[in-house]
Amino acid sequence: MDTVILVIGANGQLGSVLVKSLQDKFGINNVIASDLRTKEGFNGLFEIIDATQFDRIQEIVKTYKITQIYHLAAILSAKGEENPLQTWDINMKTMFNVFEVSRLNNIEKVFYPSSIAVFGDGADKDLTPNDAYLDPATVYGISKASGENWSQYYFLRYGLDIRSIRYPGVIGYQSLPGGGTTDYAVDIYHKAVLGESFNCFLSEDTTLPMIYMDDVIRATLELMDAPKESIKTRTSYNLTGVSFSPAEITSEIQNIYPDFKVSYKPDFRQKIANKWPKSIDDSAAREEWGWQPKFNLKAMTETMIKELKAYYITDLV
Ligand code: AKB
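**Let's talk about the side chain of threonine 138**
(1) Moving on: Relative to the elements of secondary structure, threonine 138 occurs in the loop between strand E6 (114-115) and helix H5 (139-158).
(2) Moving on: If we ignore the near neighbours within four places in the chain, the residues touching threonine 138 are Ser77, Glu81, Ala117 and Ile272.

This is the structure we're talking about:
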């Protein structure tokens, strides 16, 4: 049977890059991208799906004979705090719809992203272990901690093969994040390349776990490719690439743009970041399915700046 993949939330920061990689791997006609709105210039198969609508997901699954679903739609940590009950409703409803449609239609594999937002003060901040106590302080984090347990439940009760990674902050040049606490680490590169100064909403010493886009896409595909027997963790896997603070990323950027200036004005997002790990122990992912990050802060910075320069130059011509 051919692998036919549905990506829900395909227009987001990760979705837009992941869809391209899935198209390269499985063929453009075997990947159905979906989101609330179409995306200008998108190349491939696209369907409008509001994932709060069970029937719509089921219709697309049946029409295209979908075998795998990547459910990337969610309201993130910072945005989610604006309306906690609505965030809970959307994050949980979309998740249950995907899990139920998958169970009822014998979907082979489901990808459900979790986040470092599941951790709170009950977990060690340094090298946070995979099985740390989870006491998230944002509604996004609560929804993901709960979603991890539901993933495990669907696996144990129904045998649904759901796989999950706790994403750290994702940094890439191809797309912009929206509504997260780690978003500054993408914006800062754009400002540097545009020759502008940057005002950071986190304090200069706020260290958080992050990962470069190429690494996170590779991790996601490697996890989905791994033999079922090697997936021993059915809640979610810790995963990391690199940890740094705003001061450290600034100094790395200043190696390329010595005049780049950053000021600091912590806002409500500082409180969210203060609850999160500084670094992550991802040894379970390394041992169980061979995870190895490739990009450190220097390599990431050089690539981000090179790619954004090319992007802005093309855009300006
Ligand atoms: C956020 O900041 O909310 C996300 C995340 C770490 O899940 N980038």
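**Concerning the site of the ligand**
(1) Moving on: In the vicinity of the ligand, the residues found are Leu76, Ser77, Ser115, Ile116, Tyr140, Tyr167, Gly180, Thr181, Thr182 and Trp276.
(2) Moving on: Within the side chain of serine 115, an N or O atom sits 2.7 Å from an oxygen atom of the ligand.
(3) Moving on: Protein coverage of the free-state accessible area of the ligand, which is 250 Å², stands at 93%.
(4) Moving on: Taken together, the residues of the shell around the ligand sort by class into five nonpolar, five polar and no charged.

**As for unusual backbone geometry**
(1) Moving on: Residue lysine 65 is not a glycine yet carries a positive backbone phi of 55°.
(2) Moving on: By the element assignment, lysine 65 lies in the loop between helix H2 (54-64) and strand E4 (68-71).
(3) Moving on: Even without being glycine, leucine 127 reaches a positive phi, approximately 45°.
(4) Moving on: On the secondary structure map, leucine 127 appears in the loop between E6 and H5.

**Some thoughts on the sheet that holds strand E2 (residues 31-35)**
(1) Moving on: Ordered by their spatial adjacency, six strands build an open sheet running E3-E2-E1-E4-E5-E7, and the pairing between neighbours is parallel. Of all strands in the sheet, those with a lone pairing partner are strand E3 (45-48) and strand E7 (162-163), marking the two edges.
(2) Moving on: Pairing geometry for strand E1 (residues 5-8) and E2, over four bridges, is parallel. In the sheet register, leucine 6 faces E2, and the bridge partner there is isoleucine 32.

**Here's the deal with the nonpolar core**
(1) Moving on: In this structure, Ile171, Tyr184, Tyr189, Phe244 and Ile249 are the most contacted members of the largest nonpolar core, which totals 40 residues.
(2) Moving on: At the level of elements, H5, helix H6 (184-193), strand E10 (198-200), strand E11 (208-212), strand E13 (242-244), helix H8 (246-254), helix H9 (268-275) and helix H11 (297-316) are the ones that each hand at least two residues to this core.
(3) Moving on: Counting residues per element, this core draws most heavily on H6, at seven residues.
(4) Moving on: Viewed by domain, this core spans two of them, domain 1 (5-169 + 212-238) and domain 2 (170-210 + 241-316), each represented by three or more residues.
(5) Moving on: Those residues in contact with tyrosine 184 that sit more than four places away from it in its chain are Phe198, Cys200, Phe201, Leu202, Met210, Phe244, Ser245, Pro246 and Ile249.
(6) Moving on: Of all hydrophobic cores here, the second largest spans 33 residues; its members include Ile5, Val7, Leu223 and Tyr237.

The rules behind the values
Residues numbered from 1 in each chain as written. Predicted model: local features only at pLDDT ≥ 70, side-chain atom pairs only at ≥ 80, totals over all residues. Heavy atoms only, no water. Helix = DSSP H or I, 4+ residues; strand = E, 2+ residues; numbered from the N terminus. Contact = heavy atoms within 4.5 Å. Near = heavy atom within 4 Å. Polar contact = N/O pair within 3.5 Å; in protein donor to acceptor, adjacent residues only side chain to side chain. Areas by Shrake-Rupley, 256 points an atom, 1.4 Å probe, with all protein chains shown as cover. Nonpolar A, V, L, I, M, F, W, Y, C, P; charged D, E, K, R; others polar. Pairing = 2+ DSSP bridges. Core = buried A, V, L, I, M, F, W, Y, C linked by side-chain atoms within 4.5 Å. Buried < 20%, exposed > 50% of the residue type's maximum accessible area, 1.4 Å probe, protein only. Domains from an automatic or database assignment.

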